[in-house]
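# Residue-level structural notes
Letter by letter, the chains look like this.
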Amino acid sequence: MLKVNLSDTIAAISTATGSGGIGIVRISGSQAIELADSLFVSPSGKRLKESRSHMIHYGNIVCDDKIIDEVLVTVMKAPNTYTREDVVEINTHGGFRAVTAVLDAVIKKGARLAEPGEFTKRAFLNGRIDLTQAEAVADIINAKTDKSRDIAIARLKGSLSAEIKDIRENILTMLANIEAAIAYPEHDDETMTRSMIEKGTREALEKVDRLIATADMGRIYREGIKTVILGKPNVGKSSLLNALLEEDRAIVTDIPGTTRDVVSEFINVGGIPLNIIDTAGIRDTDNVIEKIGVERSRSLAREADLILLMFDGSSRLSSEDRELMSLTKGKRTIVLINKLDLEQKLDLRDMDAIGISVKNNVGIYRLYDKIKEMFGAGDIENSNEALISGERNKASLHKAKQSLENVIETLEGSMPEDFVSMDLTAAYEALGEITGETLEEDIIDKIFSEFCLGK
Ligand SMILES: Nc1nc2c(ncn2[C@@H]2O[C@H](COP(=O)(O)OP(=O)(O)OP(=O)(O)O)[C@@H](O)[C@H]2O)c(=O)[nH]1
Ligand SMILES: [Mg+2]
């Protein structure tokens, strides 16, 4: 069981740092209302502890006889709150000093500063949400496009939890059947039990495989497609980055070797988030700084989900261009021939390439279409399938898959039933890791530590 101290009352600033209309200090725990009450002075003299749940009160936060800020205080009583504990939210003026001063006063009165993600962690520990939903909260906050957010919202509403629960329940039924067969051998028709288990296991395996297949898409919507613009110097890579961003982000000159550092930004292509990376043009060079840049380009090419391989249509194919083609082997690649506005000298006969002119803004829409086609935006749009995301979930699914495959192997080889229940149990537990039912405390801590403060 998790040894987590849930008896503390915790507090944090829940809004972003910086200036804004309002700032929110959130308090959660059994002392939340009493603690806020000791700082709150309303014009009518009303006390927060007399308040009904889910009510907002106007007043001042007063500490050591000094008014710290004029505020609105929301009182939400357990269990219908974000954490399932008593929660008070103090709406302050949105300046950094105002919110921190109110937080300081709350801490002074005995609250403990919350760790990152601790409010959500309490929601999980108190059973309001499972781990897939907690992770969805972080994904909503970090969503790069509306589509990414839609997917995370579906997960928050329990789409993935429901699928996992369904598979786990079926496994549990099979385990119960095996138990019964062992306890009452006289009632058992052994061949029937075996065939039923084999069928059930195959069904579970199919579902697990389907979820694994969504992992790539899930990751892409979470982190963006890692898209590397690759090409020899001066072909127009930085110009393309600027065109896609619609701003002059990277330096463009007609001097080959302009870009040395990696420039990385997010763009949205029809709902698909692209983490687009401009690199140093690849060539042999004696310049120490440029050399480092070229090395980085090579290693980025190896990690990329998608390479935009760019050639200059106005010059002939060079040995550098040929080296580049070898870097893209086995990678999803879109070949771009730039500078279509100039006289064309490049001959790339057998290649499926898109001709563009970044300078004249010609052909870029075809690049967008190609990306959408490659990453199946349409499919995602039309499917209600739960997507998994994150290496953690993927690893648990692979564990479950392995155990289920072991079950089939055992049944086919007519091995003793002991193995079957052992492997079914292992699959059941691996799947439980995804929802957080069977997960070690330190792993759970790590998941929540990646949240932002105040959530
Ligand atoms: N005529 C023409 N010139 C272009 C086009 N796109 C880019 N250029 C020019 O090509 C030159 C090089 O552009 P960059 O975007 O800096 O090229 P790069 O590939 O980033 O070069 P490095 O950073 O040196 O690797 C600049 O003078 C651009 O204005 C185009 O479509 N047509
Ligand atoms: Mg450049």
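Predicted, not measured: the structure shown is a model, and the values here were computed from it. (Residues numbered from 1 in each chain as written. Chains lettered and ligands numbered in written order. Predicted model: local features only at pLDDT ≥ 70, side-chain atom pairs only at ≥ 80, totals over all residues.)

This next bit is on the confidence of the model for the protein. A residue-level look at the protein finds 96% of positions with pLDDT of 70 or above and a mean pLDDT of 90. Within the protein, the lowest mean pLDDT, 51, falls on helix α13 (residues 377-382), and the highest, 98, falls on strand β3 (residues 40-41). (pLDDT = per-residue confidence, 0-100. Helix = DSSP H or I, 4+ residues; strand = E, 2+ residues; numbered from the N terminus.)

Turning our attention to the sheet that holds strand β9 (residues 263-269). One open sheet holds the six strands; their spatial order is β9-β10-β8-β11-β12-β13, and the pairing between them is mixed. Because the sheet does not close on itself, it has two edges, and the strands there are β9 and β13 (353-355). The average undirected angle you get between the axes of adjacent strands in this sheet is 25 degrees. Against the sheet, helix α10 (residues 288-303) makes contact with β8 (225-231), β10 (272-278) and β11 (306-312), and its axis sits at roughly 140 degrees relative to β8, the strand it touches most. (Pairing = 2+ DSSP bridges. Axes fitted to C-alpha atoms, helices over the stretch in contact; angles between N-to-C directions. Contact = placed C-beta atoms within 7 Å.)

Take the pairing of strand β1 (residues 10-13) next. Here β1 shows two buried faces, one formed by Ile-10 and Ala-12 and the other by Ala-11 and Ile-13. The pairing of β1 with strand β2 (residues 20-28) spans four bridges and is classified as antiparallel. Paired with Ile-13 across the strands is Val-25, a residue of β2. The turn joining β1 and β2, which pair antiparallel and follow one another in sequence, is formed by six residues; a positive phi near 125 degrees is taken by Gly-18. (Buried ≥ 20, exposed ≤ 12 C-beta atoms within 10 Å, placed from the backbone.)

Below, the discussion takes up the nonpolar core. Ranked by size, the top nonpolar core spans 102 residues in total, and within it Val-25, Ile-27, Ala-36, Val-106 and Leu-230 carry the most contacts. Ranked by residue count, the leading element in this core is helix α15 (residues 417-435), at seven residues. If we skip the residues at most four places from it in the chain, Val-25 touches Ala-11, Ile-13, Ile-90, Thr-92, Val-99, Val-102, Leu-103 and Val-106. (Core = buried A, V, L, I, M, F, W, Y, C linked by C-beta atoms within 7 Å.)

So, on to the sheet that holds strand β7 (residues 112-113). Strands sit in the order β3-β4-β5-β6-β2-β1-β7 across an open sheet of seven strands; the sheet is mixed. Every other strand in the sheet has two partners, leaving β3 and β7 as the edge strands with one partner each. In the sheet, β1 pairs with β7 via two bridges, with the strands oriented parallel. Pairing of Ala-11 across the sheet is with Leu-113, part of β7.

Attention shifts here to the site of ligand 1. Taken together, 24 residues are adjacent to ligand 1, and Gly-236, Ser-238, Thr-259, Gly-281 and Lys-359 come closest. Ranked by residues supplied to the shell around ligand 1, first place goes to helix α9 (residues 237-245) with three residues. A breakdown of the residues in the shell around ligand 1 according to their chemical character gives seven nonpolar, 12 polar and five charged. (Near = placed C-beta within 6 Å. Nonpolar A, V, L, I, M, F, W, Y, C, P; charged D, E, K, R; others polar.)

Among the secondary structure elements, Glu-433 is positioned in helix α15. For the pair formed by Glu-433 and Thr-92, sequence separation is 341 residues and the distance between their alpha carbons is 39 Å. When near neighbours in sequence (up to four residues on either side) are disregarded, Glu-433 contacts Ser-396, Thr-438 and Leu-439.

Turning next to unusual backbone geometry. Glycine aside, residues mostly have negative phi, and peptide bonds are mostly found in the trans state. In this chain, Ala-78 is followed by Pro-79 through a cis amide linkage whose omega measures 5 degrees. Tracing the backbone through its elements, the reader meets Pro-79 in the loop between β5 (66-76) and β6 (87-94). Phi is positive for Asp-64, which is not a glycine, with a value near 50 degrees. Structurally, Asp-64 is set in the loop between β4 (55-63) and β5. Unusually for a residue other than glycine, Lys-339 sits at a positive phi of about 65 degrees. You can see Lys-339 is positioned in the loop between β12 (333-338) and β13.

Moving on: the packing of helix α4 (residues 131-142) against helix α5 (residues 146-156). Contact geometry for α4 and α5: axes closest at 8 Å, N-to-C directions at 155 degrees. The orientation of α4 with respect to α5, classified from their angle, is roughly antiparallel. The two elements α4 and α5 meet at a crossing, and its hand is left-handed. The residues of α5 that touch α4, namely those facing Thr-132, Gln-133, Ala-136, Val-137, Asp-139 and Ile-140, are Arg-149, Ala-152, Ile-153, Arg-155 and Leu-156. When its residues are assigned to classes, the contact of α4 with α5 shows six nonpolar, two polar and three charged. (Parallel < 35°, antiparallel > 145°, perpendicular 65-115°, else oblique. Left-handed = near helix turned anticlockwise from the far one by under 90°.)

For helix α2 (residues 96-108), built from 13 residues, the straight-helix expectation of 18 Å at 1.5 Å per residue is met to within 8% by its first-to-last C-alpha distance of 18 Å. Along α2, the residues that are buried comprise Ala-98, Val-99, Val-102, Leu-103, Ala-105 and Val-106. Seen end-on, α2 carries its buried residues on one side only, within an arc spanning 160 degrees. Considering only its buried residues, α2 is in contact with β1, β2, α1 (32-37), β4, β5 and β6. Looking at the residues trailing α2, positive phi occurs at Gly-110, about 120 degrees. (Expected span 1.5 Å × (residues − 1). Arc of directions from axis to C-beta.)

By the secondary structure assignment, Leu-35 is in helix α1. Once the C-alpha coordinates of Leu-35 and Met-217 are considered, the two residues, 182 residues apart in sequence, prove to be 45 Å apart. In this structure Leu-35 touches Thr-9, Ile-27, Val-106, Lys-109, Gly-110 and Ala-111, once residues within four positions along its chain are discounted.

Moving on, we come to α9. When you tally the buried positions in α9, you get seven out of nine residues, the bulk of the element. Listed in full, the buried residues belonging to α9 are Lys-237, Ser-238, Ser-239, Leu-240, Leu-241, Asn-242 and Leu-244. Looking at the buried residues of α9, the elements they touch are β8, β9, β10 and β11. Remark: Glu-246 follows α9 within two positions and exhibits a positive phi of approximately 55 degrees.

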